Amino acid sequence: MKRLENLLTELHRNQLEKQTRRHFLMDCVSKMGGLALAPLLLGCETNSGKPANSQQLQLSARDLNPLSPLPPPYFAKAKSVIYLHMAGSPSQLELFDFKPELVKYNNQPCPESLLEGRKFAFIRGVPNLLGPQSNFAQHGESGAWVSDYLPHFSKVVDEVAFLKAVHTDQFNHGPAQLFMQTGSPRLGRPSLGSWVTYGLGTENQNLPGFVVLTSGGKTPDAGKSVWGSGFLPSVYQGVQCRSKGDPVLYLEDPKGINRDLKQTLISSINEVNKAEFEAFGDPETLARINQYEMAYRMQIEVPEVMNINDEPEYIHELYGTKPGEEAFANNCLLARKLVEKGVRFVQLYDWGWDSHGTDHDTAIDLGFRNKCNEIDRPIAALLLDLKQRGLLEDTLVVWGGEFGRTPMQENREGKTQGFKGRDHHVDAFTMWMAGAGIKSGASYGQTDDFGFSGVEGKVSVHDVQATILQVLGFDHEKFTYNFQGRPFRLTDVEGEIIRDILA
Amino acid sequence: MLHFIFPLIGRFHPLIVHLPIGFILISLIFMYFPRKDKSIFLPTVKFALLLSTVSAFFACITGIILYNQEGFAFDTVRNHLVLGITTALICLSLYFLIKKKQTTSDPKIHMASGILFLTLTLTGHLGGNLTHGETYLTEVLPEGIQETFGWKIEEQFGPLSLDEEKWQEALFFEEVVQPILNQNCRSCHNEKNRKGDLMLTSKETLLKGGKNGEILSIGKPMESHLIERMLLPLDHEDHMPPKEKRQPIKSEVELLKAWLLAGASFEETLGQSEVPVALVSSFFVRNETSFYPEVQLEPIEENILKDLKSKGFFIEKLSEESPLVKVSSINFPDCENQDVASLEPIIEYITILDLSHSKVNDDLIPFVGKMENLTLLKLNETDIQGQNFEILKNNIHLATIHLTKSQVKKENLLKLNSHPRLQKVFAYDTPLAKEMTNEKINGLSFKVEMGNFELPSLPTDKVKY
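Rules used in this analysis
- Residues numbered from 1 in each chain as written.
- Chains lettered and ligands numbered in written order.
- Predicted model: local features only at pLDDT ≥ 70, side-chain atom pairs only at ≥ 80, totals over all residues.
- Buried ≥ 20, exposed ≤ 12 C-beta atoms within 10 Å, placed from the backbone.
- Helix = DSSP H or I, 4+ residues; strand = E, 2+ residues; numbered from the N terminus.
- Core = buried A, V, L, I, M, F, W, Y, C linked by C-beta atoms within 7 Å.
- Contact = placed C-beta atoms within 7 Å.
- Pairing = 2+ DSSP bridges.
- Axes fitted to C-alpha atoms, helices over the stretch in contact; angles between N-to-C directions.
- Parallel < 35°, antiparallel > 145°, perpendicular 65-115°, else oblique.
- Left-handed = near helix turned anticlockwise from the far one by under 90°.
- Nonpolar A, V, L, I, M, F, W, Y, C, P; charged D, E, K, R; others polar.

Asks: Looking at this structure, how should I read helix H14 (residues 461-471) of chain A?
Replies: Of all eleven residues that make up H14(A), eleven are buried, and the element is covered over most of its length. By the burial criterion, the buried members of H14(A) are Val461(A), His462(A), Asp463(A), Val464(A), Gln465(A), Ala466(A), Thr467(A), Ile468(A), Leu469(A), Gln470(A) and Val471(A).

Written out as structure tokens, the structure is:
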């Protein structure tokens, strides 16, 4: 108690020191202006409708713990999501979208009618068409076309539902990734995972609700905003765990400090922060309090959940993990463990899919194929492992990039390239979903003979997002957050639920 | 060449109608302006009334053109039309009356101006209803008021649904085609709202077609206007339903196509038209109503809930509306049988019970057996062996049991055979999974997931390209 008093006196003294004559003069001027502006800007505050500063502020369970669980508005099929994002965007034409016509036209100039009025990231002039570089076959009872680049995945195709004609409107990685994850190509919106944790909270109070794992050597081009919380309180942003070494740093207690001492420390800090919140009513203070508490609780559970070494050998074999390294396979196994422990949203980013064909690593028949090899077994293993543990019953798995790749060979700066590569393509690409609420074995949408644009069952990025929210028990049109005087939605003013792939 | 002239003139109606409204009102204002000597306004009133009359007739003409061009049903516009013309005629007679009497204070004139005001207001209101919809004013009122006055008259059509068992006996037109049209097209093509002079409400109207002629080409679905317009690109201005309206799903269009291909019969059933099951399977509604039991329960009392939560249980409603709850011991790893027994006060609310990783054992099962609405039971990684699993047959809604990594034994699982609802048991990594053979599973009334999946290595696994 004494210590707490000392801390509070210290805080009080600090605040007094700030109150100088200059402050008085400055406050006089700025606050007069503020007074005048206040009625004009009414509604700009983030917690509109709540008194910003009042002693009798009613604190709900949500205010004290922003991650406390909430029921979904409607019956939900899924309670967790694992989203596998292939940053850089893999080629749908080598993996799922089989175009025999394109084989015939390999190396022929692309018809001008397709190029009219189009802009590509790197293609200039009239490029040649590039036939599929892989061999396709139909697999499973659903007869889904999958190429020999994904031999393991082709054994589990009956679990997934394909979207063959997704389109976006951003042809650069950063904006397209933001669009896919936040519903807007510009910065400032909350990511899908943030919306979901905001809406549902987390069941396991010792783990974050939204975990991000990256692999492939780099984080996505759009930076951490793809798992940012935008205008939502920052407690809802994704918690990125390190993919190599300790997943979360400083989990171990420092020498000479035991857990009890740490708890007293944290509760004292939180007392001060609570006083701060009562004075100013800033929700970010609550986020701060909660993060201290979360960090403390995480100390117990995280080392156990994030340690894949305890898994039996045959599970490691199934996933093809590489213990000690940064690997997509490890992240897939971690994703399963996290979902098993009640984490709401696990987001995996794997970097290195930007197969332009400028060198060996980005060649569609070389480096790209190696990338496929890296994810093929882990993804098949993840689906099977979720299935055998009954987790696929209430977990939704989503796979996709931020856009697709052109049916044309890239000709950067109008020159012929030494390697086979494809440019960014927005008109049509493939995504798939599996698990809770999804009609397994379904395929929706179709592209034209070249795989250039969708001709049937075209779906937009907002449609995909609306469908994900639907499976989690939300109506994407009613799930809003008030900010800057108007309600915001993940799907903006668009989005149709893709009912054809829902069970 | 000048075929656009009439539609264009017609569309000026909503603009022009405001002129007589303004002129008539200003005439009335000057007629009843509180001033002793009213004669001073007489020329003004006369002039304003003349303008009113001329503009009112002009509004009538444009209105009639609009009615002819836009495919309104006569029933919908009748009152507005008659009242509009009446207004113009009263306006005219009032003008001559005042011109004759050279005064504005005459009983006849008072009466005429009163009626004029009334017809003007009514006409305007009805016109507004035509453009904005009849519920435009009332729909913003609180629901209670709307219901008392019976103003909620929206026609509602649910999505197409078919019985999985008896779908082949369903009438192709009446039970499939018409419901699809009802849901996707009817709001603009009905008795009241006849866009394109087309109704899609019955056999007769479908055969009649619209202003562009017939819409059905029997046996040639792709040549039928009905289908053609739906398959146009969404941005095409002739695409139906309009871009901003609900779009039919693919399987709905496929069914309409199949109907035309099979001869567009109004009598045949789906079976007689030889419709493949794949076309209709997405519209099956299961005979059982919903996954979760339908119950009438008051929401759990706040203090009971608070009490149980403070014990360590995770308790959350299944949805905002439902009183049913999911209970989990996810944050309560030390949970034992007697802790679970404290859930007694909310026993009928428990629909999902997840006691994975907790310290419960077989002695808990009798208590679980009392949970009448239990649908999903998770006992992963517990010491449950299942000695008394026959008790779970009391849980008539129980559809799934998760026993992954539990101690469940083969002979105990067999006790669940012929459970009334049970569909799936997860038993990966259990003693059961080790001793059970596949043929044994095939004899059970439910599926057992034993996992142990493998992905054999392939020569390509290690290749570096």
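Asks: What's the story with the nonpolar core in this structure? I'm lost.
Replies: One broad rule of soluble globular proteins: the nonpolar side chains tend to lie buried together. In terms of nonpolar packing, the biggest core is built from 121 residues, with Ala161(A), Leu163(A), Ala335(A), Leu396(A) and Met433(A) touching the most fellow members. In terms of residue count, the dominant contributor to this core is helix H13 (residues 367-388) of chain A (ten residues). With residues up to four places along the chain from it excluded, the contact list for Leu163(A) reads Thr430(A), Met431(A), Trp432(A), Tyr444(A), Gly445(A), Val459(A), Val464(A), Ile498(A) and Ile501(A). Ranked by size, the runner-up nonpolar core spans 44 residues in total, among them Leu413(B), Leu422(B), Val425(B) and Phe426(B).

Asks: Looking at this structure, I do not really get the sheet that holds strand S8 (residues 424-426) of chain B. What am I missing?
Replies: The pairing of strands in a sheet comes from backbone hydrogen bonds and takes either a parallel or an antiparallel form. All names here are of chain B. The seven strands lie next to each other as S3-S4-S5-S6-S7-S8-S9, forming an open sheet whose pairing is mixed. Unpaired on one side and paired on the other, strand S3 (314-317) and strand S9 (447-449) mark the two borders of the sheet. Strand after strand, the sheet turns through a mean of 15° between neighbouring axes, direction not considered. The pairing of strand S6 (residues 376-378) with strand S7 (residues 400-402) spans three bridges and is parallel. Bridge pairing links Lys378 to His402 in S7.

Asks: Can you walk me through the interface of chain A and chain B in this structure?
Replies: Buried accessible area, meaning the area lost when the parts come together, often serves as the stated size of an interface. Between chain A and chain B, the residue contacts involve 28 residues of the former and 28 residues of the latter. Considering every element that reaches the side of chain A that touches chain B, the biggest residue donor is H13(A), with seven residues.

Asks: I tried to follow unusual backbone geometry on my own but got confused; where do I start?
Replies: Peptide bonds are mostly trans, and most non-glycine residues show a negative phi. All names here are of chain B. With an omega of -15°, the peptide bond running from Met240 to Pro241 counts as cis. Inspection of the secondary structure assignment puts Pro241 in the loop between helix H10 (225-231) and helix H11 (250-261). With a phi close to 55°, Gln102 is a non-glycine residue in the positive phi region. Mapping Gln102 onto the fold places it in the loop between helix H5 (74-101) and helix H6 (107-132). Residue Gln102 is classed as exposed on the basis of its C-beta count, with 10 C-beta atoms lying within 10 Å.

Asks: Even after reading the chapter, I still don't get the pairing of S3(B), so can you show me in this structure?
Replies: As a general feature of sheets, a regular strand has side chains that alternate between the two faces. All names here are of chain B. Here S3 shows no split at all, with Phe314 and Glu316 on one side and Ile315 and Lys317 on the other all buried. Relative to strand S4 (residues 325-328), S3 runs antiparallel, the two sharing four bridges. Across the sheet, residue Phe314 finds its bridge partner in S4, namely Ser328.

Asks: Teacher, can you tell me more about the environment of Val54(B) here?
Replies: Residue position: Val54(B) is located in helix H4 (residues 42-70). For Val54(B) and Lys211(B), which are 157 residues apart along the polypeptide, the C-alpha to C-alpha distance reads 33 Å.

Asks: Help me understand the pairing of strand S7 (residues 345-351) of chain A, please; the structure alone is not making it clear to me.
Replies: Residues and elements named next belong to chain A. Here S7 lies mainly inside the structure; six of its seven residues are buried. The sheet contact formed by strand S5 (residues 210-215) and S7 spans six bridges and is parallel. In the strand pairing of S7, Thr214 is matched with Tyr349.

Asks: Mind showing me how you'd approach the packing of helix H9 (residues 259-280) of chain A against helix H10 (residues 283-305) of chain A here?
Replies: Describing two packed helices takes the angle between their axes plus the distance from one axis to the other. All names here are of chain A. Contact pair H9 / H10: the axes reach a minimum separation of 9 Å and the direction vectors enclose 165°. By the angle between their directions, the pair H9 and H10 is classed as roughly antiparallel. Taken as a pair, H9 and H10 cross one another with a handedness that is left-handed. Residues Lys262, Gln263, Ile266, Ile269, Asn270, Asn273, Lys274, Glu276, Phe277 and Phe280 of H9 pack against Thr285, Leu286, Arg288, Ile289, Tyr292, Glu293 and Tyr296 of H10. Its residues assigned to classes, the contact of H9 with H10 shows eight nonpolar, four polar and five charged.

Asks: For this particular structure, what's the right way to read the environment of Asn452(B)?
Replies: All names here are of chain B. With respect to the element layout, Asn452 can be found in the segment after S9. With 13 C-beta atoms packed within 10 Å, Asn452 lands in the partly exposed category. Taking C-alpha positions, Asn452 is 6.9 Å from Tyr428, a pair spaced 24 residues apart along the chain.

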